[in-house]
Amino acid sequence: MTVDPRAALDRLIAALEAHYTAVSAPHGEDDPAVDDAYDILADAFEVYDDALGTVHGEATPFYLAEEDDGDDDGDEDDEDDDDEEYDDALADDLADDAR
């Protein structure tokens, strides 16, 4: 089933607004409304990104971080290096765009 990218974008925008509403409302540290809004937002993003790729052959410049399953296998330094490389590449792209 192919999802219409425009419909997926509308869903993503609604999920962003719902997430903002959840986090901006007074809540406790482990508010299930915030957790639910986070999950819905992540799902909406993935659907939108997949729809862009399927229909237009394009992708967003964002990625979702993998959830930590509690296993400490010593790869933390590798992940930090990957984040730094991504940040450096993004900074280079933004600098190129500014020229």
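Residues numbered from 1 in each chain as written. Predicted model: local features only at pLDDT ≥ 70, side-chain atom pairs only at ≥ 80, totals over all residues. Heavy atoms only, no water.

Looking at the confidence of the model for the chain
1) Next: Per-residue confidence for the chain gives a mean pLDDT of 81; residues scoring 70 or more make up 67%.
2) Next: The least confident element of the chain, judged by mean pLDDT, is helix α3 (residues 76–98) at 58; the most confident is helix α1 (residues 5–24) at 97. (pLDDT = per-residue confidence, 0-100. Helix = DSSP H or I, 4+ residues; strand = E, 2+ residues; numbered from the N terminus.)

A closer look at the pattern of salt bridges
A side chain with one charge can pair with a side chain of the opposite charge if their charged atoms come near.
1) Next: One pass over the full model with this rule turns up two salt bridges.
2) Next: Among the salt bridges present, the one from Asp10 reaches Arg6, with a minimum N-O distance of 3.0 Å. In this pair, Asp10 and Arg6 are both assigned in helix α1, four residues apart and thus about one turn of the helix distant.
3) Next: Taking the shortest distance from any N to any O, the salt bridge between Arg11 and Asp43 comes out at 2.5 Å. Placement of Arg11 in helix α1 and of Asp43 in helix α2 (residues 32–56) is noted, with a sequence separation of 32 residues between them.
4) Next: With relative accessibility at 36%, the residue Arg11 sits in the partly exposed group. (Salt bridge = Lys/Arg side-chain N within 4 Å of Asp/Glu carboxyl O. Buried < 20%, exposed > 50% of the residue type's maximum accessible area, 1.4 Å probe, protein only.)

Some details on the side chain of Thr60
1) Next: Mapped onto the elements of the fold, Thr60 is located in the loop between α2 and α3.
2) Next: When residues no more than four places from it in sequence are discounted, the contact partners of Thr60 are Phe45, Tyr48, Asp49 and Leu52. (Contact = heavy atoms within 4.5 Å.)

Topic: the nonpolar core
1) Next: Ranked by size, the top nonpolar core spans nine residues in total: Ala8, Leu12, Ala15, Leu41, Ala44, Phe45, Tyr48, Ala51 and Leu52.
2) Next: Among the elements of the structure, α1 and α2 are those that each provide at least two residues to this core.
3) Next: In terms of residue count, α2 provides more of this core than any other element does, six residues in total.
4) Next: Here Leu52 is in contact with Pro5, Gly57, Glu58 and Thr60, once residues within four sequence places are set aside. (Core = buried A, V, L, I, M, F, W, Y, C linked by side-chain atoms within 4.5 Å.)

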